[in-house]
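Read off the chains here:
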Amino acid sequence: MAKGFKITLAGESISFWAEPGLTILRASLRGGGGLLSSCRNGTCRACRCQLQAGEVSYLIEWPGLSAEEKAAGWILPCVAQAHSDLILLRPAA
Ligand code: FES
């Protein structure tokens, strides 16, 4: 059975697999990636990460990011699915 796509957290030596049909956040929680979350519906932005490599799609049309943030590569993993291997950068604490 295919594992899906490999997701790596840049600079953290952490990676996990995103099985088909799982959001990136759910894959993180299953695979030990430990992404932060709260609402899990694209509203609170707690899970926000910057996409450094790869492709994602959204489950909803209105992920809570501005056009500028999207252009800069910010994504919301709770409502996004991987469409390739990904490299994500978490915001600085
Ligand atoms: S957990 Fe709230 S936007 Fe992702």
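Everything below is about the structure shown above.
Right, let's talk about the pairing of strand β2 (residues 14–18) for a bit. Alignment of strand β1 (residues 5–9) against β2, held across five bridges, turns out to be antiparallel. Within β2, the position partnered with K6 by the bridge is W17. The turn linking β1 back onto β2 is made up of four residues, and G11 within it adopts a positive phi angle of 75°.

Next up on the list: the packing of aromatic side chains. Going through the model one piece at a time under the given rule, you end up with zero aromatic pairs. We note R48 situated over the ring of W74; from NZ or CZ to the ring centre the distance is 4.1 Å.

Applying the stated criterion across every chain yields a total of four salt bridges. For the salt bridge of R90 with E12, the shortest nitrogen-to-oxygen distance reads 2.7 Å. Pair noted here: R90 is in the segment after β7 (86–89) and E12 is in the loop between β1 and β2, with a separation of 78 residues, a long-range link. We classify R90 as partly exposed; its relative accessible area is 24%. Of the charged contacts, one joins E19 and R30 as a salt bridge, the two residues approaching to 3.6 Å between their closest N and O atoms. Placement of E19 in the loop between β2 and α1 (24–31) and of R30 in helix α1 is noted, with a sequence separation of eleven residues between them. Taking relative accessible area as the criterion, E19 reaches 32% and is therefore assigned partly exposed.

Whenever strands of a sheet pair, they do so through backbone hydrogen bonds, lying parallel or antiparallel. Spatial ordering of the open sheet is given by β2-β1-β7-β3-β5, a layout of five strands whose pairing is mixed. Edge positions in the sheet fall to β2 and β5 (74–75), since each has one partner strand and no second. Where strand β3 (residues 49–53) meets β5, two bridges bridge the pair, whose relative direction is antiparallel. Following the sheet pairing, Q50 is matched in β5 by W74. Lying on the sheet, α1 is in contact with β1, β2, β5 and β7; it crosses β2 at an angle near 120°.

Quick look at the environment of T23 now. In this fold, T23 is placed in the loop between β2 and α1. Taking the C-alpha atoms as reference points, T23 and L76, 53 residues apart in sequence, are found 9.7 Å from one another. Apart from residues lying up to four places away in sequence, T23 is in contact with L59, P77, C78, A80 and Q81. At 3.1 Å, the side chain of T23 forms a polar contact with the backbone nitrogen of R26.

Basis of the calculations
- Residues numbered from 1 in each chain as written.
- Predicted model: local features only at pLDDT ≥ 70, side-chain atom pairs only at ≥ 80, totals over all residues.
- Heavy atoms only, no water.
- Pairing = 2+ DSSP bridges.
- Helix = DSSP H or I, 4+ residues; strand = E, 2+ residues; numbered from the N terminus.
- Phe/Tyr/Trp six-rings, centres within 6.5 Å; stacked < 30°, edge-to-face > 60°.
- Lys NZ or Arg CZ within 6 Å of the ring centre and 35° of its normal.
- Salt bridge = Lys/Arg side-chain N within 4 Å of Asp/Glu carboxyl O.
- Buried < 20%, exposed > 50% of the residue type's maximum accessible area, 1.4 Å probe, protein only.
- Contact = heavy atoms within 4.5 Å.
- Axes fitted to C-alpha atoms, helices over the stretch in contact; angles between N-to-C directions.
- Polar contact = N/O pair within 3.5 Å; in protein donor to acceptor, adjacent residues only side chain to side chain.

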